Amino acid sequence: MHAKTMEGLVGANMNMKMMNTPFRVYQEAERRGDTATMERAMGYVGETADKAEDYQKKVEKGMKEEAKEAREKAKSEQEDAIRKRKEERGEQEKRIEESRNGNTDTVSISESGKAVSGETSDLAQTGIGSRPVEETADAVKTEPVIYTKAGEAVMPESGTNISVSA
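Remember, predicted model here, so these are calculated numbers, not experimental data.

Caption draft 1: Geometry of the overall build of the protein. Across its full length, the protein holds five helices and two strands. Across the protein, helices and strands are ordered from the amino to the carboxyl terminus as α-α-α-α-α-β-β. By the burial criterion, 11% of the 166 residues in the protein qualify as buried. Intrachain contacts of the protein at a sequence separation of at least 6 include 49% that bridge at least 24 residues. Looking at the protein as shown, the accessible area adds up to about 14,400 Å², and 51% of this sits on carbon and sulfur atoms.

Caption draft 2: Structural detail: helix 2 (residues 35-101). The end-to-end C-alpha distance of helix 2, which contains 67 residues, comes to 98 Å, matching closely the 99 Å that a straight helix rising 1.5 Å per residue would cover. Turning to helix 2, the residues buried within the fold contact helix 1 (3-32).

Caption draft 3: Representation of the side chain of Thr-5 within the structure. Relative to the helices and strands, Thr-5 is located in helix 1. If near-sequence neighbours (up to four positions away) are discounted, Thr-5 is found in contact with Val-59, Gly-62, Met-63 and Glu-66.

Caption draft 4: Layout of a negative patch on the surface. A contiguous patch of negative charge, built from Glu-47, Asp-50, Glu-53 and Asp-54, is present on the exposed surface. Structurally, Glu-47 is set in helix 2. Classification of Glu-47 as partly exposed rests on a relative accessible area of 47%.

Caption draft 5: Spotlight on the pattern of salt bridges. Tallying each qualifying case throughout the model produces four salt bridges. With a shortest N-O distance of 3.2 Å, Glu-65 and Lys-4 are connected by a salt bridge. Of this pair, Glu-65 sits in helix 2 while Lys-4 sits in helix 1, placing them 61 residues apart in sequence. Classification of Glu-65 as partly exposed rests on a relative accessible area of 25%. We note a salt bridge from Lys-58 to Glu-7, for which the minimum N-O separation is 2.7 Å. Placement of Lys-58 in helix 2 and of Glu-7 in helix 1 is noted, with a sequence separation of 51 residues between them.

How each quantity is defined
- Residues numbered from 1 in each chain as written.
- Predicted model: local features only at pLDDT ≥ 70, side-chain atom pairs only at ≥ 80, totals over all residues.
- Heavy atoms only, no water.
- Helix = DSSP H or I, 4+ residues; strand = E, 2+ residues; numbered from the N terminus.
- Buried < 20%, exposed > 50% of the residue type's maximum accessible area, 1.4 Å probe, protein only.
- Contact = heavy atoms within 4.5 Å.
- Areas by Shrake-Rupley, 256 points an atom, 1.4 Å probe, with all protein chains shown as cover.
- Expected span 1.5 Å × (residues − 1).
- Patch = residues over 30% accessible without salt bridge, like charges linked within 9 Å, V, L, I, M, F, W, Y side chains within 5 Å.
- Salt bridge = Lys/Arg side-chain N within 4 Å of Asp/Glu carboxyl O.
- Lys, Arg positive; Asp, Glu negative; His and termini not counted.
- Charge placed at Lys NZ, Arg CZ, Asp CG, Glu CD.

Shown next, in the form of structure tokens:
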């Protein structure tokens, strides 16, 4: 919060509280019928009300300055973000140009290298590795296993039906 806003809020609050005392004196003087005391008390009430208005103006001025600073900050942050995006875009374009120019390294594996690693070109392209497709399909079709509290695997008895009701 801006310093002028805080000062204005505190000052206005204090003057509003201070206005209660002369107003109470005015009310007592009114009950007694003492017009001179009533006039003096109303003078004090008017002075503190004027001071409270002055502080209220400070609050408004401080809030305007705060809003202006917030707008300027948001604008500078937006400009920074735009500048960073332009820099990143330029770097990305440079990387794309470098890859197009052919300045990048390429890896090629000879047939003898493929033979040493034990992979054929078909398996290397599919990414399966040295396992045939049939073995990987069998691995997925395994029977369910039930574990005991001790952590031992127990195969379910054949013909056992397991049902869960919710």
